[in-house]
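Each chain, written out:
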Amino acid sequence: MKDLLFIRKIEADKGIDEVYPITFELGGTFEKDAAIKIFNKLEDMKVIESNRFTIRGNSLTIYIQAQNINKVVELLIKEGINIYGIYVVYGDSF
């Protein structure tokens, strides 16, 4: 049960402008250096809302507005990083 996650739903009509800790579950080749590179590029794009981010296993959690998820996905695809899931863990907040 240690891998059990409760995932929070973002309501499109209410929460699109709110900042969430969005977790991107990424491919097995994802490493810390790649996370820092992605984070810096997102900062340059003015997508990041906080300097905090978490790398856990093959996942990266960053604080962004929900409406910017597509910009992050676009960058990850351009960088050749596989995406296996995008979610907000229930109970996580800004």
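Refer to the structure presented above.
Residues numbered from 1 in each chain as written. Predicted model: local features only at pLDDT ≥ 70, side-chain atom pairs only at ≥ 80, totals over all residues. Heavy atoms only, no water.

Re the environment of Phe 53
Locating Phe 53 in the fold gives a position in strand 3 (residues 48–56). In this structure, Phe 53 is in contact with Ala 35, Ile 36, Phe 39, Leu 60, Thr 61 and Ile 62, ignoring residues within four places of it in sequence. (Helix = DSSP H or I, 4+ residues; strand = E, 2+ residues; numbered from the N terminus. Contact = heavy atoms within 4.5 Å.)

Considering the nonpolar core
Phe 24, Leu 42, Ile 62, Ile 64 and Val 72 are the most contacted members of the largest nonpolar core, which has 22 residues in total. Elements that contribute at least two residues to this core include exactly strand 2 (19–26), helix 1 (32–44), strand 4 (59–65) and helix 2 (69–78). When near neighbours in sequence (up to four residues on either side) are disregarded, Ile 62 contacts Tyr 20, Pro 21, Ile 22, Phe 24, Phe 39, Leu 42, Ile 48, Phe 53 and Val 72. (Core = buried A, V, L, I, M, F, W, Y, C linked by side-chain atoms within 4.5 Å. Buried < 20%, exposed > 50% of the residue type's maximum accessible area, 1.4 Å probe, protein only.)

Some remarks on the pairing of strand 2
Counting buried positions along strand 2 gives 6 out of 8 residues, so the element sits mostly inside the fold. Here strand 2 runs beside strand 4; their pairing, made up of 7 bridges, is antiparallel. Among the inter-strand pairings, Glu 25 is bridged to a residue of strand 4, identified as Ser 59. Bridge count for strand 2 against strand 5 (residues 83–89) is 4 bridges, and the pairing is antiparallel. In the strand pairing of strand 5, Phe 24 is matched with Ile 86. (Pairing = 2+ DSSP bridges.)

As for the packing of aromatic side chains
Applying the stated rule across the entire model yields 1 aromatic pair. Aromatic pair Phe 39 and Phe 53: ring centres 4.4 Å apart, planes at 25°, arrangement stacked. Of this pair, Phe 39 sits in helix 1 while Phe 53 sits in strand 3; the two residues are 14 residues apart in sequence, bridging distant segments of the chain. (Phe/Tyr/Trp six-rings, centres within 6.5 Å; stacked < 30°, edge-to-face > 60°.)

What to know about the pattern of salt bridges
As a working rule, side chains carrying opposite charge can pair if their charged atoms are close by. On inspection of all chains with the given rule, the structure shows 3 salt bridges. The closest approach of N and O atoms between Lys 41 and Glu 79, which form a salt bridge, is 2.5 Å. Pair noted here: Lys 41 is in helix 1 and Glu 79 is in the loop between helix 2 and strand 5, with a separation of 38 residues, a long-range link. When its relative accessible area of 30% is taken as the criterion, Lys 41 is described as partly exposed. We classify Glu 79 as partly exposed; its relative accessible area is 26%. Across the salt bridge formed by Lys 78 and Glu 74, the nearest N and O atoms sit 3.4 Å from each other. With Lys 78 and Glu 74 both in helix 2, this residue pair falls 4 residues apart, about one helical turn. Since its relative accessible area comes to 65%, Lys 78 is described here as exposed. By relative accessible area, which is 44% here, Glu 74 ends up partly exposed. Ionic contacts of the salt-bridge type, sharing partners, join the residues Lys 37, Lys 41 and Glu 79 into one network. (Salt bridge = Lys/Arg side-chain N within 4 Å of Asp/Glu carboxyl O.)

Geometric values such as these leave the question of function open.
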